[in-house]
Amino acid sequence: MGTETLYDISLTVNGVVREARVPARRLLSDCLRHDLGLTGTHVGCEHGVCGCCTVLLDGEPVRSCLTFAVSVDGHEITTIEGLAAPDGTLSAVQRAFAESHALQCGFCTPGFLCTVTALLNENPAPSDEEILEGISGNLCRCTGYQNIIKAVRRAAELSAEQERDGTGEAAPAATGAAGAPRASGATGGATGE
Amino acid sequence: MKPPPFDYHAPRTVGEALEVLADAGPEGKVLAGGQSLIPLMNMRLAAPARLVDINRIGALDTVTADARGVRVGALARHATVERSAAVAERQPLLRQALRHVAHPVIRNRGTVVGSIVHADPAAELPAVLALLGGTVRLARHGAPEREVPAAEFFLGPLESALQPGELAVSAFFPALPPGSGTAFCEIARRHGDFALAGVAALVTLDDDLRITTAKVACIGVGPVPVVVDVSAECARRPAASAASPAVAAAVRDRVEPEDDIHATAEYRRHLTGVLAERALRLAAERASHG
Ligand SMILES: Cc1cc2nc3c(=O)[nH]c(=O)nc-3n(C[C@H](O)[C@H](O)[C@H](O)COP(=O)(O)OP(=O)(O)OC[C@H]3O[C@@H](n4cnc5c(N)ncnc54)[C@H](O)[C@@H]3O)c2cc1C
Ligand code: FES
Ligand code: FES
């Protein structure tokens, strides 16, 4: 370890520029947790299966355990810590999870919240099938998925209500970045086969 | 677990990448989306001494679709290719197959070319390339690029024709011929997992809606994608009869599945027959509505 080259990197995390000095093999998940002290991003399997470590990279959900921090030097990251408004008001997705009993121990929750935030940014009114596909890469071992699915539906409702009344809490930090490069996800009813 | 240490290179141009790869030789590994390589490193099943990260080479982030087909650059993510309407129009099998590749979040980062080079026998995209007769373009420092046909590219499980020092710069998928349809059917234990077995199908009809060509590529049932031409079994039958017990039997005879913790060889063989019928039926249907 002592002889490993260290890299000075700069990430915009939840809107704030953060600097870190890391070896090339530092996973983004560990960089966030250890170097930047943002322990809201959870680490379960470290091989891409559980989804707990999901964060938004330039607005798109990715596995932080399958990304080297040096690889994303200069990019924007949104973590669970960045979903609520600066005054602490929960985002629509966070509120829906709380209201729908969509978490129990909370271990999987940061990954679900980031995944669902991006899902609804891209597709504000997903069908049940699209919800299932959207969260298929996140495992929950204790709450069960029924309430999580309800929470996604509820979050879509809450966001739509806010949009209508213009009461809009500040949109999650990722909205701008996620909105931009997306082609329409609504390509219709092509089957998965 | 944590990945072992490595020397890191982040070139900004293809030329620079090729120089580093030439210098690194067998010690060098390309890092694309990292969705196969980083899990292997985290589990300490891979420990490349030198990693060449191509994520900053904007010139490789390309997808072009025209009447000849679809060319996918080495930095094009699964999700980008899946969403592209131009790609779906020229070669619909790509989107059909990509929807079976892992989960949406993995597809945001993983690359099409990375999946092909990785050559997992259960992966979808190598089968797509093999079925369509596509090619992979390989570059090396100080040498002309070479275009390797799929039939010569996949050599064994996780083994491709890519040599040390080479970079795969793109993959080419020929366009769908007129009067054709495609489909991808698979069965996995859980949605998004690698398939127990899967079949990609391509069916071409003549003006009377009779089958002229029918081919499948099977995954998870051999060291490389197993391409079976069943045109003879289907010869000039109407589109609606693309699937038949004879066709399923012909496909079952050609695959070489193995037992593992997930399924027995016999079960995989059985699934392949069932999936071949399903995929051919669907492809023929799409060809006739083309
Ligand atoms: C949970 C999970 C589930 C998955 N499920 C599936 C699935 O169902 N089906 C499926 O097909 N895949 C699946 N994958 C793998 C995924 O599709 C990968 O994205 C893909 O296999 C590799 O692409 P990559 O860009 O991530 O490559 P990397 O991981 O970066 O590289 C993979 C290998 O290819 C080499 N390589 C990559 N690009 C190049 C290049 N341009 N030139 C030379 N060498 C190169 C690397 O050196 C490495 O050896 C899954 C992955 C995970 C984590
Ligand atoms: S810790 Fe990253 S997917 Fe499990
Ligand atoms: S809330 Fe406990 S694992 Fe999901």
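Student: Summarise the overall build of chain B; cite the residues concerned and give the values.
Tutor: Along its length, chain B carries 12 helices and 14 strands. The C-alpha atoms of chain B give 19 Å as radius of gyration, which agrees with the globular expectation for 290 residues (19 Å, within 12%). When the backbone C-alpha atoms are referred to their principal axes, chain B occupies close to 60 × 45 × 30 Å. Classification of the 290 residues of chain B by burial places 58% in the buried group. Contacts in chain B between residues far apart in sequence, at least 24 positions, make up 62% of those at least 6 positions apart. Of the roughly 11700 Å² that chain B leaves accessible, carbon and sulfur atoms contribute 52%. Across chain B, the centroid of the 31 positively charged side chains sits 5 Å from that of the 32 negatively charged ones.

Student: An account of the site of ligand 1 is requested, with residue identities and associated values reported.
Tutor: In the neighbourhood of ligand 1, 34 residues make up the surrounding shell, with B:Val30, B:Gln35, B:Leu37, B:Thr111 and B:Glu124 lying closest. The environment around ligand 1 is built from residues contributed by chains A and B. Between B:Lys29 and ligand 1, the recorded distance is 3.1 Å, taken from a side-chain N or O atom to an oxygen atom. B:Val30 is positioned with one of its backbone polar atoms (N or O) 2.6 Å from an oxygen atom of ligand 1. Protein chains shield 95% of the accessible area of ligand 1, which is 960 Å² for the free molecule. Elements that contribute at least two residues to the shell around ligand 1 include exactly β2 (28–31), α7 (112–118) and β10 (167–174) of chain B. With 5 residues, the top contributor of residues to the shell around ligand 1 is α7(B). Classifying every residue of the shell around ligand 1 gives 17 nonpolar, 14 polar and 3 charged.

Student: Give a detailed account of the domain arrangement of chain B, specifying residues and quantitative values.
Tutor: Split by domain assignment, chain B resolves into domain 1 (7–52), domain 2 (62–174) and domain 3 (180–289). The straight-line distance from the C-alpha centre of domain 1 of chain B to that of domain 3 of chain B is 36 Å.

Student: Break down the sheet that holds strand β1 (residues 6–13) of chain A for me, citing the residues and quoting the values.
Tutor: Residues and elements named next belong to chain A. Sheet architecture is open: 5 strands sit in the order β2-β1-β5-β3-β4, paired in mixed fashion. The two strands at the open ends of the sheet, each matched to only one other strand, are β2 (16–23) and β4 (60–63). Between one strand and the next, the sheet's axes are offset by a mean angle of 40°, whatever the strand orientation. Its contacts with the sheet place helix α1 (residues 28–35) against β1, β2, β3 (54–57) and β5 (76–78), and it is angled at close to 110° to β2. Strands β3, β4 and β5 of the sheet are contacted by helix α3 (residues 109–122), whose axis makes an angle of about 35° with β3.

Student: With reference to specific residues and values, describe the interface of chain A and chain B.
Tutor: Counting residues at the interface gives 35 residues for chain A, matched by 39 residues for chain B. Summed over both partners, the interface of chain A with chain B comes to about 3100 Å²; 52% of that surface belongs to carbon and sulfur atoms. The tally of links between chain A and chain B comes to 5 salt bridges. Across the pair B:Arg83 and A:Glu60 runs a salt bridge whose closest N-O atoms are separated by 4.0 Å.

Student: Residues and numbers for the packing of aromatic side chains, please.
Tutor: Residues and elements named next belong to chain B. Tallied over the entire structure, the rule returns 3 aromatic pairs over all chains. Seen in terms of ring centroids, Phe153 and Phe154 are 5.4 Å apart; in terms of plane orientation they differ by 85°. Their pairing is edge-to-face. Taking the relative accessible area as the measure of exposure, Phe153 reaches 0% and is therefore buried. Phe154 gets classed as buried once you look at its relative accessible area, which sits at 9%.

Student: Can you lay out the pairing of β2(B) for me, pointing to particular residues and giving the numbers?
Tutor: Residues and elements named next belong to chain B. Where β2 meets strand β3 (residues 50–53), 4 bridges bridge the pair, whose relative direction is parallel. Each bridged residue has a counterpart across the sheet, and for Gly28 the counterpart in β3 is Arg50. What joins β2 to β3 is helix α2 (residues 37–42), and the crossover it makes is right-handed.

Student: Describe empty space enclosed by the protein, and please don't skip the residues or the numbers.
Tutor: Scanning the entire structure with this criterion turns up 1 cavity of 30 Å³ or more. Estimates place the volume of the largest cavity at around 40 Å³. What lines the largest cavity is A:Leu66, A:Thr67, A:Phe68, A:Ser71, B:Leu31, B:Ala32, B:Gly33, B:Gly34, B:Ile38, B:Asn55 and B:Arg109. Tallied by class, the residues present in the lining of the largest cavity amount to 5 nonpolar, 5 polar and 1 charged.

Student: Any details on the sheet that holds strand β12 (residues 197–205) of chain B? Residues and values, ideally.
Tutor: Residue and element names in this part refer to chain B. Sheet architecture is open: 4 strands sit in the order β11-β12-β13-β14, paired in antiparallel fashion. Strands with a single pairing partner mark the edges of an open sheet, and in this sheet they are β11 (180–187) and β14 (226–229). Direction aside, neighbouring strands of the sheet carry axes that sit 15° apart on average. Bridging between β12 and strand β13 (residues 211–219) involves 8 bridges; their strand directions are antiparallel. Residue pairing across strands places Ala201 opposite Val216, the latter belonging to β13. Contacts from helix α8 (residues 124–132) reach β11, β12, β13 and β14, with the element oriented near 150° to β13. Along the sheet, helix α11 (residues 245–254) contacts β13 and β14; its crossing angle with β14, the most-contacted strand, is approximately 145°.

Here is what the cut-offs are and how they apply
- Residues numbered from 1 in each chain as written.
- Chains lettered and ligands numbered in written order.
- Predicted model: local features only at pLDDT ≥ 70, side-chain atom pairs only at ≥ 80, totals over all residues.
- Heavy atoms only, no water.
- Helix = DSSP H or I, 4+ residues; strand = E, 2+ residues; numbered from the N terminus.
- Rg over C-alpha atoms; globule rule 2.2 N^0.38 Å.
- Buried < 20%, exposed > 50% of the residue type's maximum accessible area, 1.4 Å probe, protein only.
- Contact = heavy atoms within 4.5 Å.
- Areas by Shrake-Rupley, 256 points an atom, 1.4 Å probe, with all protein chains shown as cover.
- Lys, Arg positive; Asp, Glu negative; His and termini not counted.
- Charge placed at Lys NZ, Arg CZ, Asp CG, Glu CD.
- Near = heavy atom within 4 Å.
- Polar contact = N/O pair within 3.5 Å; in protein donor to acceptor, adjacent residues only side chain to side chain.
- Nonpolar A, V, L, I, M, F, W, Y, C, P; charged D, E, K, R; others polar.
- Domains from an automatic or database assignment.
- Pairing = 2+ DSSP bridges.
- Axes fitted to C-alpha atoms, helices over the stretch in contact; angles between N-to-C directions.
- Buried area = accessible area lost by both parts, 1.4 Å probe.
- Salt bridge = Lys/Arg side-chain N within 4 Å of Asp/Glu carboxyl O.
- Phe/Tyr/Trp six-rings, centres within 6.5 Å; stacked < 30°, edge-to-face > 60°.
- Right-handed = clockwise from strand over helix to strand, strands pointing away.
- 1 Å grid on protein atoms, 1.4 Å probe; cavity = no way out; pocket = protein on both sides within 12 Å on 5 of 7 lines; lining within 4 Å.
- Points joined across faces, edges and corners; volume = space filled by probe spheres on them.

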